[in-house]
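Breakdown of the fold
Now for the letters of each chain:
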Amino acid sequence: MGDNGFVARVPVMNAATTQKIRLIMHLRNMGITDTNTLAAMEKVPREKFIPAAMHDQAYEDIALPIGRGQTISQPYVVAAMTQALELSGREKVLEIGTGSGYQTCVLAQLCRRVYTIERHKPLLLRAEEMFNALKLRNITAIAGDGMKGWPEQAPFDGIMVTAAAQGKPPQELLDQLRTGGILVVPVATADQQILRRYKKEGEDTFAVKDLMAVRFVPLLPHLAPASENADDTPRYAEG
Ligand code: SAH
């Protein structure tokens, strides 16, 4: 109590910071051991990538809608996929499925340059605004079909696909991986999706490891027509 009878209301940390710290501790308990990944996720403000109406859920470990029928992934899955790329800071990484741009920003903290492709142009434009707002200059983004990869920029040291491939990853992505590089991709089989890690050991040889069961939106071909899922874009807060 202060002299004037009011309880001091100077918070040591704001609510978002407290929730963020709780989330990072949760990720550690869930087995995320890479401290660089945890630090990157602590740095990127997830609330800025989701619709205003859901800001209070920004640091819960859940996927949330971002418009066009798409979702920003659950933080645990972002962390597990990022950790699986084993980044040292020098890599050139390709991301397929920019979505909100959140995962892109996490990657941008941890490697030399991120190339990212999104098939919904309105999502890409919004994500690019976020890259600028956060002053991340090592991201190159385009609207297009990521199933074809980005041949002009290949080979990549790491490739992350944040939408589920049917049965197996697109051959183009396997081809565009540098020997020694890692691809992480959710692969859909008949009744489930598994997150897989492909480490390229030679021109056509890969060490494949199943990481965990996941649920992603499907990886779809072609640039999305303007009409596709156009009616559900949520409102974003300014700034
Ligand atoms: N990484 C995102 C999650 C995006 S959800 C985030 O952090 O918010 C998956 C995204 O993949 C969707 O935006 C979807 O439009 C996109 N996508 C699906 N198939 C694609 C393709 N062939 N090329 C590029 N993007 C694709």
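Structural data are supplied above this passage.
Here goes a summary of the coordinates provided. (Residues numbered from 1 in each chain as written. Predicted model: local features only at pLDDT ≥ 70, side-chain atom pairs only at ≥ 80, totals over all residues. Heavy atoms only, no water.)

**What about the nonpolar core?**
If you look at the biggest cluster of nonpolar residues, it comprises 51 residues, and the most contacted ones within it are Leu27, Met41, Leu85, Tyr102 and Val106. The dominant element in this core, judged by the number of residues it contributes, is helix H3 (residues 75-84), at seven residues. Leave out the neighbours within four places in its chain, and Leu85 touches Val93, Leu107, Gly158, Ile159, Met160, Ile182 and Val184. Counting 18 residues, the second largest nonpolar core, distinct from the first, contains Ile96, Leu174, Tyr198 and Leu219. (Core = buried A, V, L, I, M, F, W, Y, C linked by side-chain atoms within 4.5 Å. Buried < 20%, exposed > 50% of the residue type's maximum accessible area, 1.4 Å probe, protein only. Helix = DSSP H or I, 4+ residues; strand = E, 2+ residues; numbered from the N terminus. Contact = heavy atoms within 4.5 Å.)

**What to know about the site of the ligand**
Taken together, 27 residues are adjacent to the ligand, and Ser100, Glu118, Asp145, Gly146 and Leu220 come closest. Contacts to the ligand include Asp145, whose side-chain N or O atom sits 2.9 Å from a nitrogen atom. The backbone of Gly146 places a nitrogen or oxygen atom 2.8 Å from a nitrogen atom of the ligand. Counting only elements with at least two residues in the shell around the ligand, the list comes to strand S2 (70-72), strand S3 (92-96), helix H4 (102-108) and strand S4 (113-118). The element that contributes the greatest number of residues to the shell around the ligand is S2, accounting for three residues. (Near = heavy atom within 4 Å. Polar contact = N/O pair within 3.5 Å; in protein donor to acceptor, adjacent residues only side chain to side chain.)

**Considerations on unusual backbone geometry**
Of the consecutive residues Ala154 and Pro155, the connecting peptide bond is found in the cis state with omega at 5°. Take Pro155: it is sitting in the loop between strand S5 (139-143) and strand S6 (156-161). Positive phi, close to 60°, is recorded for Arg68, a residue that is not glycine. Among the secondary structure elements, Arg68 is positioned in the loop between strand S1 (64-67) and S2.

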